[in-house]
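Survey of secondary and tertiary structure
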Protein chains: 2
Amino acid sequence: MKPLPDFDLPAGNREVRLRRRPQGVPLRTDFELAERPLEPLPAGRLRIRNLYLSVDPVQRGWAADPAATAIGATMPSLAVGIVIESRCDDFREGDIVYGRFGWQIYCDAAPADVFSRRRDPTLPLSLYAGVLGMPGVTAYLALADLAATRPGDLVLVSTAAGAVGSVVGQLLRNAGARPIGIAGDDEKVRRCVSQFGYESAFNYKTALLADAFAAAAPEGFSLYFDSVGGPILDLAIRHMARFGRIIQCGTAATASWTPPPSGLRNEREILMRRLSWTGFVIFDHLARFDAAVTALEAMVAGGTLRHDEELLVGLAAAPGALEHLFAGANHGKLLIDITRADSAP
Amino acid sequence: MKPLPDFDLPAGNREVRLRRRPQGVPLRTDFELAERPLEPLPAGRLRIRNLYLSVDPVQRGWAADPAATAIGATMPSLAVGIVIESRCDDFREGDIVYGRFGWQIYCDAAPADVFSRRRDPTLPLSLYAGVLGMPGVTAYLALADLAATRPGDLVLVSTAAGAVGSVVGQLLRNAGARPIGIAGDDEKVRRCVSQFGYESAFNYKTALLADAFAAAAPEGFSLYFDSVGGPILDLAIRHMARFGRIIQCGTAATASWTPPPSGLRNEREILMRRLSWTGFVIFDHLARFDAAVTALEAMVAGGTLRHDEELLVGLAAAPGALEHLFAGANHGKLLIDITRADSAP
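Quantities reported herein were computed from a predicted structural model and do not represent experimental measurements. (Residues numbered from 1 in each chain as written. Chains lettered and ligands numbered in written order. Predicted model: local features only at pLDDT ≥ 70, side-chain atom pairs only at ≥ 80, totals over all residues.)

1. Concerning the interface of chain B and chain A
Contacts between chain B and chain A engage 26 residues on the former and 26 residues on the latter. Secondary structure elements with two or more residues in the side of chain B that touches chain A: strand E13 (262-264), helix H7 (267-272) and strand E14 (276-279) of chain B. In terms of residue class, the side of chain B that touches chain A is made up of 10 nonpolar, 10 polar and 6 charged. (Contact = placed C-beta atoms within 7 Å. Helix = DSSP H or I, 4+ residues; strand = E, 2+ residues; numbered from the N terminus. Nonpolar A, V, L, I, M, F, W, Y, C, P; charged D, E, K, R; others polar.)

Right, here's the structure in full:
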């Protein structure tokens with residue numbers, strides 16, 4: 001284990017800019033690489049050398065929203081970095097931080113952009129964007145707030161081998177529940193069971209899900225932790241137990257919401273099954289983020305929480321990374337390693 | 001006010017039987033009137049002379065479900081009646097009771113069929129099937145469990161002049177919230193505002209609801225208390241405030257669920273607006289029913305809770321009553337007055 005990687009300090013900044021507004025999933029051609037000189041750091045800011053850029057489904061929404069990303073602006077992203085200069089009291093050089101720092105080598109961040117700080121110096125830095133970052137904390141806080149599972153409860157989880165789902169499975173299993181996963185290829189299905197605590201898992205591209213759900217949960221699921229929506233959600237709703245809960249954490253199955261897509265009417269299922277269906281967005285809970293990271297650090301250090309990551313290398317890999325993510329082609333939390341900035345073209 | 005009406009005691013029972021399985025809304029021709037001799041009352045039962053039979057949307061589900069109503073069986077219903085003979089310790093002759101007694105003159109009920117007993121002898125009996133019965137208690141407990149409204153919150157309510165909605169509006173107004181109603185004709189709209197506490201109300205058959213919702217709640221509704229579902233629900237979801245709640249109490253807008261109908265996909269709204277959408281069925285809460293009636297009796301006696309009812313007369317009116325109800329043709333809680341059993345043909 002190498003807690004702090006080697007990294008260089010190039011003279012200027014390099015960034016990935018949004019070149020045009022994406023239609024649906026952001027494509028490689030929607031972005032461009034650009035250079036920008038470093039200005040003196042303003043008061044109240046901290047300069048961060050980003051080391052691992054995160055690639056997350058939420059960026060599709062940020063890229064689509066003119067209020068979040070202007071054309072020509074640095075693509076917003078989460079990232080892990082090291083403070084190299086600080087002009088605010090709360091941070092000092094050498095702090096390892098995680099937050100909304102953008103797809104770029106350097107970020108002059110405000111303290112409010114920082115979500116968490118590394119406390120355990122033995123853990124690899126990249127984990128702070130995955131199992132110890134937004135995906136892990138989403139799993140941890142969404143379950144803490146909304147799951148209400150009891151030991152033995154059957155829980156269905158979509159994108160079960162993904163950055164959020166892999167943590168959901170393990171947290172549920174550690175709490176005595178019985179997670180059942182849905183994933184997009186056989187290798188992910190195997191990892192759900194061998195690594196991520198799932199009792200069983202199904203490849204939604206090849207399994208007959210209606211039969212699989214009925215066999216896995218003849219009395220219905222107590223909880224559906226869903227990050228995809230779409231027809232699998234419509235089917236899962238019809239396999240929920242009475243008084244079951246649905247946590248809506250994402251809607252990745254639907255490529256475009258314009259024009260508004262249709263699906264099965266679900267209100268009768270909500271009523272007859274007495275379901276409770278709630279939306280969860282981690283950015284509403286940033287005040288609790290750092291405490292959640294501390295809890296998750298203990299689990300990782302104690303060996304009760306495993307993770308998996310896929311590293312792309314160099315800033316030039318960023319523009320195509322969301323295509324890769326939404327195709328489900330990644331295995332584990334998708335990150336871009338920019339510790340050697342010079343390796344970028 | 002005449003607390004106890006005159007009633008007669010015919011020698012035999014008369015009932016409304018389910019003649020065939022309804023397709024959608026139960027029609028007059030799905031039922032038949034029949035006579036049946038009275039047998040000696042079994043031990044552990046109480047004999048009730050029904051006085052006011054209730055007509056409720058839930059009966060559509062009971063009539064459709066072979067497990068709830070066999071062909072040839074007495075049509076299940078709620079009713080208010082008086083105990084005329086008791087072979088169980090908890091009840092005695094003269095008790096006024098409300099429960100699941102069926103569309104018939106006499107019911108030999110088990111104690112578990114009784115939902116509540118009249119405590120306040122000054123209030124008219126028919127109220128125990130409406131504002132003091134299932135509709136009133138549904139409004140009271142659903143709001144108590146799930147509304148979480150604060151003073152000033154804008155709340156949308158469908159079937160706002162109906163048996164449940166008329167109580168919902170007044171309870172919300174009395175709690176300082178601002179209820180906005182949806183109803184099916186102009187007379188109901190007027191009563192929402194003049195009698196039932198609504199700040200404003202709209203006729204969904206003539207108003208442009210999207211414009212009406214936007215004007216009534218530019219920042220969105222904090223709560224939607226919904227008994228209809230369908231396209232109005234899809235629209236209302238898109239006018240909810242962040243962290244808003246939806247209480248699903250019925251799905252009257254959809255005539256048939258076979259084949260499964262389609263509508264707008266709603267999971268993205270659940271997520272982006274952080275909504276919480278929950279089904280509520282009063283029959284899950286019967287242990288709290290009697291206490292809720294006591295609270296509502298005090299409001300009615302104190303003049304802070306108004307009601308409205310429409311009485312049909314005679315058992316022969318029952319077979320056509322659900323058609324009347326689902327057409328929205330009733331004004332106020334729909335009941336069948338069978339105090340003079342001889343008036344039935």
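2. Comments concerning the relation of the copies chain B and chain A
Mapping one chain copy onto the other needs a rotation about an axis and a shift along that axis. Mapping chain B onto chain A calls for a screw motion: a turn of 180° about the axis and a shift of 0.0 Å along it, with 0.0 Å RMSD after fitting. Within this description, the copies of the chain are treated as partners about a two-fold rotation axis. Minimal C-alpha distance to the rotation axis in chain B is attained by tryptophan 277 of chain B, lying at 2.5 Å. A symmetric contact is evident, with 100% of the interface residues of chain B recurring at the interface of chain A. (Least-squares fit on C-alpha atoms with pLDDT ≥ 70 in both.)

3. Notes on the packing of helix H5 (residues 209-216) of chain A against helix H6 (residues 230-237) of chain A
All names here are of chain A. Here H5 crosses H6 at 35°, and the two axes come no closer than 10 Å. Of the two possible hands of crossing, H5 and H6 adopt the one that is right-handed. For the pair formed by H5 and H6, the contact residues are Leu209, Ala210 and Phe213 on the first element and Ile232, Leu235 and Ala236 on the second. A class-by-class count of the residues in the contact of H5 with H6 yields 6 nonpolar, no polar and no charged. (Axes fitted to C-alpha atoms, helices over the stretch in contact; angles between N-to-C directions. Left-handed = near helix turned anticlockwise from the far one by under 90°.)

4. Concerning the confidence of the model for chain A
The pLDDT averaged across chain A works out to 95; a share of 98% of its residues lies at or above 70. Confidence estimates for the predicted assembly give a pTM of 0.92 and an ipTM of 0.92. (pLDDT = per-residue confidence, 0-100.)

5. Thoughts on the packing of helix H2 (residues 134-146) of chain A against helix H8 (residues 289-302) of chain A
How two helices pack is summed up by the angle between their axes together with the distance between the axes. Residues and elements named next belong to chain A. Where H2 meets H8, the axes come as close as 10 Å, and the angle between the chain directions of the two elements is 95°. With respect to each other, H2 and H8 are oriented roughly perpendicular. Within the contact between the two elements, H2 uses Gly136, Val137, Tyr140 and Leu141 and H8 uses Phe289, Ala292, Val293, Ala295 and Leu296. Looking at the contact of H2 with H8, its residues break down into 8 nonpolar, 1 polar and no charged. (Parallel < 35°, antiparallel > 145°, perpendicular 65-115°, else oblique.)

6. With respect to unusual backbone geometry
Note the cis peptide between threonine 258 of chain A and proline 259 of chain A, where omega equals 0°. Residue placement: proline 259 of chain A occurs in the loop between strand E12 (240-248) and strand E13 (262-264). Positive phi, normally seen in glycine, also occurs at arginine 274 of chain A, with a value near 55°. With respect to the element layout, arginine 274 of chain A can be found in the loop between helix H7 (267-272) and strand E14 (276-279). Arginine 274 of chain A gets classed as partly exposed once you count the C-beta atoms within 10 Å, which come to 18. For phenylalanine 243 of chain B, which is not a glycine, the phi torsion comes out positive at approximately 65°. (Buried ≥ 20, exposed ≤ 12 C-beta atoms within 10 Å, placed from the backbone.)

7. A short note on the domain arrangement of chain A
All names here are of chain A. Under the domain assignment, chain A is made up of domain 1 (13-130 + 307-343) and domain 2 (134-283). When each unit is reduced to the centre of its C-alpha atoms, the spacing between domain 1 and domain 2 is 28 Å. Each side of the interface is counted separately: domain 1 has 12 residues, and domain 2 has 14 residues. Classifying every residue of the side of domain 1 that touches domain 2 by side-chain character gives 4 nonpolar, 5 polar and 3 charged. (Domains from an automatic or database assignment.)

8. Observations concerning the pairing of strand E4 (residues 78-86) of chain A
Residue and element names in this part refer to chain A. Where strand E3 (residues 46-54) lies against E4, 7 bridges are found, and the strand directions are antiparallel. Paired with leucine 53 across the two strands is alanine 79, which belongs to E4. Taken together, the 5 bridges between E4 and strand E5 (residues 96-100) define a ladder with antiparallel strand orientation. By the bridge assignment, leucine 78 is partnered in E5 with arginine 100. (Pairing = 2+ DSSP bridges.)

9. Concerning the nonpolar core
Membership of the largest hydrophobic core comes to 204 residues, with the highest contact counts inside it found for Val155 and Ile336 of chain A together with Val155 and Ile336 of chain B. Beyond its immediate stretch of four places on either side in the chain, valine 155 of chain A contacts Thr149, Leu172, Ala177, Arg178, Pro179, Ile180, Phe221, Ser222, Leu223 and Phe225 of chain A. (Core = buried A, V, L, I, M, F, W, Y, C linked by C-beta atoms within 7 Å.)

10. Some remarks on helix H8 (residues 289-302) of chain B
All names here are of chain B. The first and last C-alpha atoms of H8 sit 20 Å apart over 14 residues, in line with the 20 Å expected at 1.5 Å per residue. Here H8 has its buried residues at Phe289, Ala292, Val293, Leu296 and Glu297. Projection of H8 onto a plane perpendicular to its axis shows the buried side chains occupying an angular sector of 145°, all on one side. Seen from the open side of H8, the exposed residues pointing more than 90 degrees away from its buried face are Ala301 and Gly302. On its buried face, H8 is in contact with strand E7 (114-117) and helix H2 (134-146). Looking at the residues trailing H8, positive phi occurs at glycine 303, about 85°. (Expected span 1.5 Å × (residues − 1). Arc of directions from axis to C-beta.)

11. Focus on the pairing of strand E9 (residues 178-183) of chain B
Residues and elements named next belong to chain B. Burial analysis of E9 places 6 of its 6 residues in the buried class, which makes it a mostly covered element. Residues Arg178, Ile180 and Ile182 line one face of E9 and the alternating positions Pro179, Gly181 and Ala183 line the opposite face, and both faces are buried. Of the strand pairs in this sheet, strand E8 (residues 154-157) and E9 are connected by 4 bridges, and their pairing is parallel. From the neighbouring strand, leucine 156 faces E9, where its bridge partner is isoleucine 180. Taking the sense of rotation as the criterion, the β-α-β connection linking E8, helix H3 (residues 165-174) and E9 turns out right-handed. Between E9 and its parallel partner strand E10 (residues 200-203), the chain crosses via helix H4 (residues 186-194), and the hand of that crossover is right-handed. (Right-handed = clockwise from strand over helix to strand, strands pointing away.)

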